[in-house]
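Inside the fold
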Amino acid sequence: MLFLVGALLVLGVVLGVVAHVPASVSAVAGLAIALWLALFAARERLFGHRRSGRLGHDPRGAR
């Protein structure tokens with residue numbers, strides 16, 4: 001519950017900042033965040049399955 005309150009507080013601060021900066025600054029920041037999330041998703045999709053194999057978990061049960 002405390003985490004939710006903190007998240008809402010941070011959201012309010014961020015929305016307050018967005019309301020006071022020019023629209024172009026908000027758009028650039030939004031595009032930067034979207035690009036970062038897209039790169040993260042692509043990296044996880046490409047390399048996420050291989051990483052789970054390195055932790056000693058063999059899905060075939062051979063070990």
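All values reported here derive from a predicted model rather than from experimental measurement. (Residues numbered from 1 in each chain as written. Predicted model: local features only at pLDDT ≥ 70, side-chain atom pairs only at ≥ 80, totals over all residues. Heavy atoms only, no water.)

1. Regarding the overall build of the chain
The condition is simple: Note on conventions: DSSP H or I runs of at least 4 residues are helices, E runs of at least 2 residues are strands, and numbering of each starts at the N terminus. Type-normalised accessible area, obtained with a 1.4 Å probe on protein chains alone, sets the label of each residue: buried when under 20%, exposed when over 50%, and partly exposed for intermediate values. Shrake-Rupley sampling with a 1.4 Å probe provides the accessible areas, and residues are treated as covered by the protein chains on show and by no other component.
Counting its secondary structure elements, the chain contains two helices and zero strands. A burial count over the chain gives 2% of its 63 residues as buried. A total of about 6,000 Å² of accessible surface is found on the chain, and carbon and sulfur atoms cover 74% of it.

2. Regarding the pattern of salt bridges
Going by this rule: A carboxyl oxygen of Asp or Glu within 4 Å of a side-chain nitrogen of Lys or Arg is what we treat as a salt bridge.
Enumeration over the complete set of coordinates arrives at one salt bridge. Of the charged contacts, one joins R43 and E44 as a salt bridge, the two residues approaching to 3.7 Å between their closest N and O atoms. Take R43: its relative accessible area is 46%, and that puts it in the partly exposed class. You can call E44 partly exposed: its relative accessible area is 28%.

3. Some details on a nonpolar patch on the surface
Applicable threshold: Here a patch means residues that are over 30% exposed by relative accessible area and free of salt bridges, tied together within 9 Å if like-charged and within 5 Å if nonpolar (Val, Leu, Ile, Met, Phe, Trp, Tyr).
There is a patch of nonpolar side chains on the surface, built from M1, L2, L4, V5, L8, L11 and L15 and spanning about 800 Å² of accessible area. Among the secondary structure elements, V5 is positioned in helix α1 (residues 2–20). Owing to a relative accessible area of 48%, V5 belongs among the partly exposed residues under this scheme.

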